[in-house]
Amino acid sequence: MRSQDKKRILTGTVIVGLICIIIVVLTAYSAELRCENNELIDSNEALQGEIDTLNVEIKSANNIEHIEKVATEKLGMVYPSEGECVYVSDEDAPGGNFAMAIKEQAYN
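Asker: Sorry, what's going on with the overall build of the protein here?
Answerer: Scanning the protein from N- to C-terminus turns up three helices and zero strands. Helices (α) and strands (β) of the protein occur, in sequence order from the N terminus, as α-α-α. Taking 2.2 N^0.38 as the reference for a compact globule, 108 residues should give roughly 13 Å; the C-alpha atoms of the protein span a radius of gyration of 38 Å, well beyond that estimate. Judged by the C-alpha coordinates and their principal axes, the protein covers about 120 × 30 × 20 Å. The buried share of the protein, reckoned over its 108 residues, is 4%. Accessible surface, the protein as shown: approximately 9500 Å² in total, 61% of it carbon and sulfur.

Asker: I'm lost on the confidence of the model for the protein in this one. Help?
Answerer: Detailed reading of the predicted coordinates is not advisable wherever pLDDT falls low. Overall, the prediction assigns the protein a mean pLDDT of 86, with 91% of residues at 70 or greater. Within the protein, the element-level pLDDT minimum falls on helix α3 (residues 98-106), averaging 71, and the maximum on helix α1 (residues 3-61), averaging 94.

Asker: I keep staring at helix α2 (residues 64-74) and nothing clicks. Help me out?
Answerer: Along an α-helix, a turn takes 3.6 residues, which lines up residues three or four apart on a common side. The N-cap residue of α2 is N63: its side-chain oxygen and the backbone nitrogen of E65 are 3.2 Å apart. Within two residues after α2, G76 carries a phi angle of roughly 70°, on the positive side.

Asker: Teacher, can you tell me more about the environment of P80 here?
Answerer: Positionally, P80 belongs in the loop between α2 and α3. Judged by relative accessible area, which is 30%, P80 ranks as partly exposed. Sequence separation between P80 and L47 is 33 residues, and the spatial gap between their C-alpha atoms is 44 Å.

Asker: So what exactly am I meant to see when it comes to the environment of G12 here?
Answerer: By the secondary structure assignment, G12 is in helix α1. The partly exposed category is assigned to G12, whose relative accessible area is 29%. Distance in space between the C-alpha atoms of G12 and V78 is 92 Å, their sequence separation being 66 residues.

Asker: Got a minute to help me understand the layout of surface pockets in this structure?
Answerer: Space inside the largest pocket adds up to approximately 210 Å³. Around the largest pocket, the lining residues are I64, I67, E68, A71, T72, M77, V78, Y79, P80, I102 and A106. At the level of elements, α2 and α3 are the ones that each hand at least two residues to the lining of the largest pocket. The greatest single-element share of the lining of the largest pocket, amounting to five residues, is contributed by α2.

Asker: Even after reading the chapter, I still don't get a nonpolar patch on the surface, so can you show me in this structure?
Answerer: Residues L10, V14, L18, I21 and V25 make up a contiguous nonpolar surface patch of roughly 480 Å² in combined accessible area. Note that I21 resides in helix α1. According to the relative accessible area criterion, I21 is exposed, its value standing at 53%.

Asker: Which parts of the structure should I look at to understand a negative patch on the surface?
Answerer: On the surface, E32, E36, E39, D42 and E45 cluster together into a negatively charged patch. With respect to the element layout, E32 can be found in helix α1.

The rules behind each value
- Residues numbered from 1 in each chain as written.
- Predicted model: local features only at pLDDT ≥ 70, side-chain atom pairs only at ≥ 80, totals over all residues.
- Heavy atoms only, no water.
- Helix = DSSP H or I, 4+ residues; strand = E, 2+ residues; numbered from the N terminus.
- Rg over C-alpha atoms; globule rule 2.2 N^0.38 Å.
- Buried < 20%, exposed > 50% of the residue type's maximum accessible area, 1.4 Å probe, protein only.
- Areas by Shrake-Rupley, 256 points an atom, 1.4 Å probe, with all protein chains shown as cover.
- pLDDT = per-residue confidence, 0-100.
- Polar contact = N/O pair within 3.5 Å; in protein donor to acceptor, adjacent residues only side chain to side chain.
- 1 Å grid on protein atoms, 1.4 Å probe; cavity = no way out; pocket = protein on both sides within 12 Å on 5 of 7 lines; lining within 4 Å.
- Points joined across faces, edges and corners; volume = space filled by probe spheres on them.
- Patch = residues over 30% accessible without salt bridge, like charges linked within 9 Å, V, L, I, M, F, W, Y side chains within 5 Å.
- Salt bridge = Lys/Arg side-chain N within 4 Å of Asp/Glu carboxyl O.
- Lys, Arg positive; Asp, Glu negative; His and termini not counted.
- Charge placed at Lys NZ, Arg CZ, Asp CG, Glu CD.

This is how it looks when you write it as structure tokens:
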């Protein structure tokens, strides 16, 4: 075998070896990225669960029955009777019980 053929074989072997090393490195990097991506997906799912829970809590806190319960039980608020309301003018006064009108509007 000639010296030139030996150099070609050696060069080909080195090139194939470098290509194999590059493939191994890229595969390892790809696996690392895939692992990191899976961790981010899990984190996003956990955060979405927390968001869903908070949305349910917001909806229940904005519920008129909940607001009325907190106002009456914790804050001691009561609906005014007809005689406890003061109006700037007689035109402002509603035709019936103002508290009942507000309560009816709240539940409709």
